[in-house]
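Residue-level structure breakdown
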Amino acid sequence: MRFLCDAMLGKLSTYLRMCGHDAAYALDRGVEADDAVRDLAREEGRRLLTRDADLAARTEGAIRLTARDVTEQLRELREAGVDLSLPETPSRCGRCNGPLDPVGAGATTPESAPDPSGTDVWRCERCGGHFWKGSHWDDVRRRLPE
């Protein structure tokens with residue numbers, strides 16, 4: 001699914017990306033005003049996620065979330081029928097939503113990243129960030145069933 005998270009749902013966008021969803025975040029696009037958020041969702045064919053009751057009511061197909069806590073927001077999305085499972089292979093950058101490519105075993109990585117010859121590492125095509133299944137991945141895997 002393709003989502004647009006409004007300005008109140010930045011943390012949620014990261015979780016959705018980790019689950020493989022194409023989840024744009026309005027503030028990453030420099031968009032905050034309700035009409036501009038609604039227009040962006042429509043123009044890009046994205047389903048709007050918002051906590052704003054008025055904006056949700058004026059946007060076809062929007063999902064209105066009521067919770068402030070990301071775990072509760074995830075519960076609301078699951079109840080709305082959104083698949084929230086971690087894929088075996090990450091496909092979206094948690095930082096910018098760009099696509100991820102595997103890093104080869106002989107490739108160099110930043111000092112903060114593990115050696116790709118011993119750990120699977122992916123690089124974002126858009127922002128250049130490096131990702132691997134570390135403790136954050138395990139924390140999200142534990143949180144999703146809640």
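Before reading on, note that the structure itself is shown above.
Read on for a plain summary of the structure. As the structure is a prediction and not an experimental result, all values here were calculated from the model.

Tracing the chain through its elements places His-130 in strand E7 (residues 130-132). A polar atom in the side chain of His-130 sits 3.4 Å from the backbone oxygen of Gly-128. Sequence-distant contacts of His-130, that is, excluding residues within four places in its chain, are made with Val-103, Thr-109, Pro-110, Ala-113, Val-121, Trp-122 and Arg-123.

This part is about the packing of helix H1 (residues 10-18) against helix H4 (residues 70-79). Contact geometry of H1 with H4 gives a least axis separation of 10 Å together with a crossing angle of 55°. Relative to H4, the element H1 lies oblique. By crossing handedness, the relation of H1 to H4 is classed as right-handed. Between H1, through Lys-11, Leu-12, Tyr-15 and Leu-16, and H4, the contact on the second element is made entirely by Val-70, Gln-73, Leu-74 and Leu-77. Counted by class, the contact of H1 with H4 contains six nonpolar, one polar and one charged residues.

To continue, consider the sheet that holds strand E6 (residues 121-124). A sheet is described by the order of its strands in space; here three strands give the open sequence E5-E6-E7, paired in antiparallel fashion. Both edges of this open sheet fall to strand E5 (100-102) and E7, since each of them pairs with a single strand only. Put simply, the sheet's adjacent strands are angled 35° from each other on average, direction ignored. In terms of strand pairing, E5 meets E6 through three bridges, oriented antiparallel. Residue Asp-101 lies in a different strand from E6, and its bridge partner there is Arg-123.

A few words now on the pairing of E6. In the sheet, E6 pairs with E7 via three bridges, with the strands oriented antiparallel. For Val-121, the partnering residue across the bridge sits in E7 and is Trp-132. Between E6 and E7, which pair antiparallel one after the other, the connecting turn spans five residues, and Gly-128 there sits at a positive phi close to 80°.

Summarising the element assignment, Val-37 is placed in helix H2 (residues 34-43). Judged by relative accessible area, Val-37 falls into the buried class, the value being 1%. Every residue in contact with Val-37, bar those within four places of it in the chain, is listed here: Leu-4, Asp-6, Ala-26, Val-31, Glu-32, Leu-48 and Leu-55.

Analysis parameters
- Along each chain, residue indices are assigned from 1 in the same order as the chain's sequence is written.
- In keeping with the predicted nature of the model, local features appear solely for residues at pLDDT of at least 70, side-chain atom pairs appear and are counted solely at 80 or more, and the whole-chain, interface and lining totals rest on all residues.
- Hydrogens and water molecules were not included; the side-chain quantities draw on all heavy atoms of the structure.
- By the criteria applied, helices consist of DSSP H or I runs no shorter than four residues and strands consist of E runs no shorter than two, each listed in order from the N terminus.
- What qualifies as a polar contact is a pair of N or O atoms within 3.5 Å, subject to a donor-acceptor requirement within protein and to the restriction that residues adjacent in sequence count only when both atoms come from side chains.
- By the convention used here, residues are in contact when the closest approach between their heavy atoms is within 4.5 Å.
- Working convention: axes come from line fits to C-alpha atoms, limited for helices to the stretch in contact. Angles between N-to-C directions cover 0 to 180 degrees.
- Roughly parallel here means an angle under 35 degrees, roughly antiparallel means over 145, roughly perpendicular means 65 to 115, and every remaining angle is called oblique.
- Crossing handedness is read from the near helix: turned anticlockwise from the far helix by less than a right angle, it gives a left-handed crossing, and turned clockwise, a right-handed one.
- Classification convention: Asp, Glu, Lys, Arg as charged; Ala, Val, Leu, Ile, Met, Phe, Trp, Tyr, Cys, Pro as nonpolar; all other residues, Gly among them, as polar.
- For two strands to be treated as a pair, DSSP must find at least two bridges joining them.
- The buried label goes to any residue with under 20% of its type's maximum accessible area, the exposed label to any with over 50%, and the partly exposed label to all in between, with areas taken from a 1.4 Å probe on protein chains only.

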